[in-house]
Amino acid sequence: MSTSCKKRKVSHQTTLAEDFGFSRAPSNVVGSQGERIANGLSPCSPTLDLTTSNGEEDELAVDEPSTSEESQPPRVDETTATLRDEPIETAPAERDEDGSRHSEVAPPPSEPSWRGVPLTLLSFGPSAYPILPPAPLPSTTHSVLFRPGKPPVPFPDHFKDVWDERHVKMPCSKMSQYPVSGEGGGKTIVPRWQLIRDALTTKPIANSYQLADAILVYNSRYASRWRFNNLHDYFSTYCGDEEAEHFFASLLPGIIDLALRLPSTVTHALPLLRKQEPYQITMTQEQASCLLANAFLCTFPSRNTVQRGAEYSSFPFINFNGLFTNSRRGLVEPSQASKLACLFHYFKREVRTRSQQDGISPPDWVSSTRPLTQLHVDSAGTIEGCGHGMLQVDFANKYVGGGVLHFGCVQEEIRFLMCPELIVSMLFTEELDDNECLLMTGAEQYSTYRGYGSTFEWSGRHDDQTISDCWGRRQVQVVAMDALVITNSETQYAPAKMWRELNKAYCGFQTSDSTHCGHNMAVATGNWGCGAFGGDPSLKALLQLMAASEAGRDIVYFTFGNTELRDQIHQCYRLLCERMVTVGDVWRFLTSYHTEVVEKRGHTPLLPFIISLLEHTS
């Protein structure tokens, strides 16, 4: 017999994109003009270097870029060169799949617009693209922030704290301290990184004003100067309500997550590229996006002034506060709004790219048009007793197994006791992140039980009759997925928290594998994250229904004796199906409940609120 475990990820982390680089050279190296060179990403250059050059080159054995015919774009032919002096008329802009615009160039006139030597006579080496020089190996003048591989991994393995005048002062350094007001009006010095983490994660950030307040927690000395009026105007004037909702519910949490991974993503302070000092830095795109996320959230210390004599007065601004604030006190200028739009698009692309390990990408819940899948809801039975042939949900702790080896004795602990092979997962499974679940296949059930919590009792032997596959694994899958712990019941309806729970459930339910008959197994679940975790069973039922529908799975929901909940879930589901409601529509119902009931301190329960909306909708 055998069992297997697979850690599944979704959302904002992991898969590394290609690496990239820039270079700079002192004037005595590149000629009298002292030009600065920027080597961008190209098909022939999968590494990006941040470089200052002294003109000396090392001979290194490196892999040459591919020059196969398949990798080469067509050579430009002299007769097809159509650069023109006059303006080019364009067709109406269209949108790509990611929402960005592009225009189709109108057919060129017969007379070419270029002058001088034909482009085809200029040498680009064996490829139609310029060939970058090979990157040197790490040395005293070259820092490589990762170990090459597929994917590359940060180097060194653990964060090496450096705090001196030769390196960037990292916000996660233990040496980065900040004064905060203490009791009695005095000041207390605290680690700034902890201040940053608390400000960005303690409460959901639902609008630009809350984002500004969070940033000022660890930049309080600038509270009177950083007005964030560009940022506020952008969301109130330049983007629609749906786009703003998506930013604060989905994209901003991804940016925050990316930024807070700094100690494990960029594990060494970056050397400063000072004037007239040849040096090179090579990093991955993920490391760059992590640094940019920190700049967006204005976390870099000592970088907010250029007064003469200031430590970084000869360096550019890096924190985004200057872009967020309009010193002219008017509405945000269109060009500034476009800057923000470009940067938000970058983060949208980067957060989405980081979410695609194992082929799992979280859905856009706001715009989803998926229909709801089938639902069976039952007040009797249990997940393990009635969920044969289904994906069975373990209402997990983020430390898988929870208190099974201590004092806990609720759903997860009981399941691990009935199937002790599951306990082995505790040996090697690190705590689950917000974008992770653990899928366990083939565990045998050895015992039966009665009771729950303090009334739990072992009731005897169980002979598991579940059939095995060709590897000897029992045909049962258990997915461990941890819900948020809710200490204030109202906060669970905040869009950011509902979005997190949706992505967590989707991570658990999504699969690229179907059964031999071509259908995904149904999900056997129930009041996930309720009870000791404090969640609302009505909300968790709808969130799991949405996630299962996106994953193409039917859902079997056990209410564990609660017949009133069973009937309300069924009534709501029936009306949703009659009105042909999509997953995106359900999301809008949930956010309406948050706006119209929770924020107004109303007392209408969630399901009756939605049922009332549906009954008054034709």
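Residues numbered from 1 in each chain as written. Predicted model: local features only at pLDDT ≥ 70, side-chain atom pairs only at ≥ 80, totals over all residues. Heavy atoms only, no water.

A.B. asks: Honestly, the packing of helix α14 (residues 563-578) against helix α16 (residues 606-615) in this entry has me stumped. Any pointers?
C.D. replies: Each pair of packed helices gets described by two things: the angle between the helix axes and the distance between those axes. Interaxial distance between α14 and α16 falls to 10 Å at its minimum, and their mutual angle equals 30 degrees. Comparing the axis directions of α14 and α16 gives the class roughly parallel. When the axes of α14 and α16 are compared, the crossing they make is left-handed. Contacts between α14 and α16 pair Leu565, Gln568, Ile569, Gln571, Cys572, Leu575 and Leu576 from the former with Leu607, Pro608, Ile610, Ile611, Leu614 and Glu615 from the latter. In terms of residue class, the contact of α14 with α16 is built from 10 nonpolar, two polar and one charged. (Axes fitted to C-alpha atoms, helices over the stretch in contact; angles between N-to-C directions. Helix = DSSP H or I, 4+ residues; strand = E, 2+ residues; numbered from the N terminus. Parallel < 35°, antiparallel > 145°, perpendicular 65-115°, else oblique. Left-handed = near helix turned anticlockwise from the far one by under 90°. Contact = heavy atoms within 4.5 Å. Nonpolar A, V, L, I, M, F, W, Y, C, P; charged D, E, K, R; others polar.)

A.B. asks: Got a minute to help me understand the pattern of salt bridges in this structure?
C.D. replies: Close approach of charged atoms allows side chains with opposite charge to pair. As enumerated under the stated definition, the model contains 18 salt bridges in all. Across the pair Lys398 and Glu431 runs a salt bridge, and its minimum N-O distance is 3.5 Å. Remark: Glu431 occurs in the loop between α11 (411-418) and β15 (436-441) and Lys398 occurs in the loop between β14 (391-396) and α11; sequence separation between them is 33 residues. Residue classification places Lys398 among the partly exposed positions, given a relative accessible area of 37%. We classify Glu431 as partly exposed; its relative accessible area is 31%. Taking the shortest distance from any N to any O, the salt bridge between Glu490 and Arg601 comes out at 2.4 Å. Remark: Arg601 occurs in the loop between α15 (583-598) and α16 and Glu490 occurs in the loop between β18 (477-482) and α12 (495-509); sequence separation between them is 111 residues. Linked through salt bridges whose partners overlap, the residues forming this network are Asp434, Asp482, Arg500, Glu501, Lys504 and Lys540. (Salt bridge = Lys/Arg side-chain N within 4 Å of Asp/Glu carboxyl O. Buried < 20%, exposed > 50% of the residue type's maximum accessible area, 1.4 Å probe, protein only.)

A.B. asks: Help me understand the packing of aromatic side chains in this model?
C.D. replies: For any pair of aromatic rings, geometry is given as the distance between the ring centres together with the angle between the planes. A complete count under the given rule lists 22 aromatic pairs for this structure. For the pair Tyr312 and Phe315, a centre-to-centre distance of 5.6 Å together with 70 degrees between the ring planes defines the contact as edge-to-face. Judged by relative accessible area, which is 3%, Tyr312 ranks as buried. Over the ring of Tyr312 we find Arg303; its NZ or CZ atom is 4.3 Å from the centre of that ring. Over the face of the ring belonging to Trp528 we find Lys540, whose NZ or CZ atom lies 5.9 Å from the ring centre. (Phe/Tyr/Trp six-rings, centres within 6.5 Å; stacked < 30°, edge-to-face > 60°. Lys NZ or Arg CZ within 6 Å of the ring centre and 35° of its normal.)

A.B. asks: Would you take a moment to explain α14 for this structure?
C.D. replies: Working note: α-helix, 3.6 residues per turn, so residues spaced by three or four point in the same direction. With 16 residues, α14 should cover 22 Å at 1.5 Å per step; its first-to-last C-alpha distance of 22 Å lies within 8% of that length. Leu565, Ile569, Cys572, Tyr573, Leu575 and Leu576 are the residues of α14 that are buried. All buried residues of α14 project into a common sector of 165 degrees when viewed along the axis, lining one side. Of the residues that open α14, the one with a side-chain oxygen 3.2 Å from the backbone nitrogen of Glu564 is Asn562. Following α14 by one or two positions, Met580 has its phi on the positive side, about 55 degrees. (Expected span 1.5 Å × (residues − 1). Arc of directions from axis to C-beta. Polar contact = N/O pair within 3.5 Å; in protein donor to acceptor, adjacent residues only side chain to side chain.)

A.B. asks: Mind showing me how you'd approach the confidence of the model for the chain here?
C.D. replies: Residue-level pLDDT values for the chain average 77, and 74% of them are 70 or greater. In the predicted structure, residues 11-105 sits below a pLDDT of 50 and forms 200 contacts with residues beyond four places in sequence or in another chain. For residues 355-359, every residue scores under 50 in pLDDT, and the model assigns this stretch 17 contacts once sequence neighbours within four places are set aside. (pLDDT = per-residue confidence, 0-100.)

A.B. asks: Explain helix α7 (residues 285-296) here, please?
C.D. replies: Over its 12 residues, α7 runs 16 Å from end to end, which matches the ideal 16 Å to within 8%, given 1.5 Å per residue. With 11 of 12 residues buried, α7 lies mostly within the body of the structure. When we look at burial in α7, the residues that qualify are Gln285, Glu286, Gln287, Ala288, Ser289, Cys290, Leu291, Ala293, Asn294, Ala295 and Phe296. Of the residues flanking the end of α7, it is Cys298, one or two places downstream, whose phi is positive at about 60 degrees.

A.B. asks: What's the story with the pairing of strand β19 (residues 523-526) in this structure? I'm lost.
C.D. replies: Regular strands have side chains that alternate between both faces of the sheet. Burial along β19 is two-sided: the face carrying Val523 and Thr525 and the face carrying Ala524 and Gly526 are both buried. Two elements, β19 and strand β20 (residues 555-558), share four bridges in a ladder whose sense is parallel. Among the inter-strand pairings, Gly526 is bridged to a residue of β20, identified as Phe558. Since β19 and β20 lie parallel, the crossover through helix α13 (residues 537-550) that links them has a hand, and here it is right-handed. (Pairing = 2+ DSSP bridges. Right-handed = clockwise from strand over helix to strand, strands pointing away.)

A.B. asks: Would you take a moment to explain the pairing of β15 for this structure?
C.D. replies: Counting buried residues in β15 gives six out of six residues, a clear majority hidden from the surface. A two-sided burial pattern is seen for β15, the buried positions comprising Glu436, Leu438 and Met440 on one face and Cys437, Leu439 and Thr441 on the other. By the bridge criterion, four bridges tie β15 to β18 in an arrangement that is antiparallel. Note that in β18 the partner of Leu438 across the bridge is Ala480.

A.B. asks: Mind showing me how you'd approach a nonpolar patch on the surface here?
C.D. replies: On the surface, a cluster of nonpolar side chains totalling about 360 Å² of accessible area is made up of Val424, Leu427 and Phe428. Mapped onto the elements of the fold, Val424 is located in the loop between α11 and β15. (Patch = residues over 30% accessible without salt bridge, like charges linked within 9 Å, V, L, I, M, F, W, Y side chains within 5 Å. Areas by Shrake-Rupley, 256 points an atom, 1.4 Å probe, with all protein chains shown as cover.)

A.B. asks: What should I look at first to understand unusual backbone geometry in this one?
C.D. replies: Negative phi values dominate among residues other than glycine, just as trans dominates among peptide bonds. The omega angle of the peptide bond from Phe155 to Pro156 is 0 degrees, so this bond is cis rather than trans. The phi angle at Phe228 is positive, at roughly 60 degrees, despite the residue not being glycine. Counting through the fold element by element, Phe228 comes out in the loop between α3 (208-217) and α4 (229-238). We classify Phe228 as buried; its relative accessible area is 1%.

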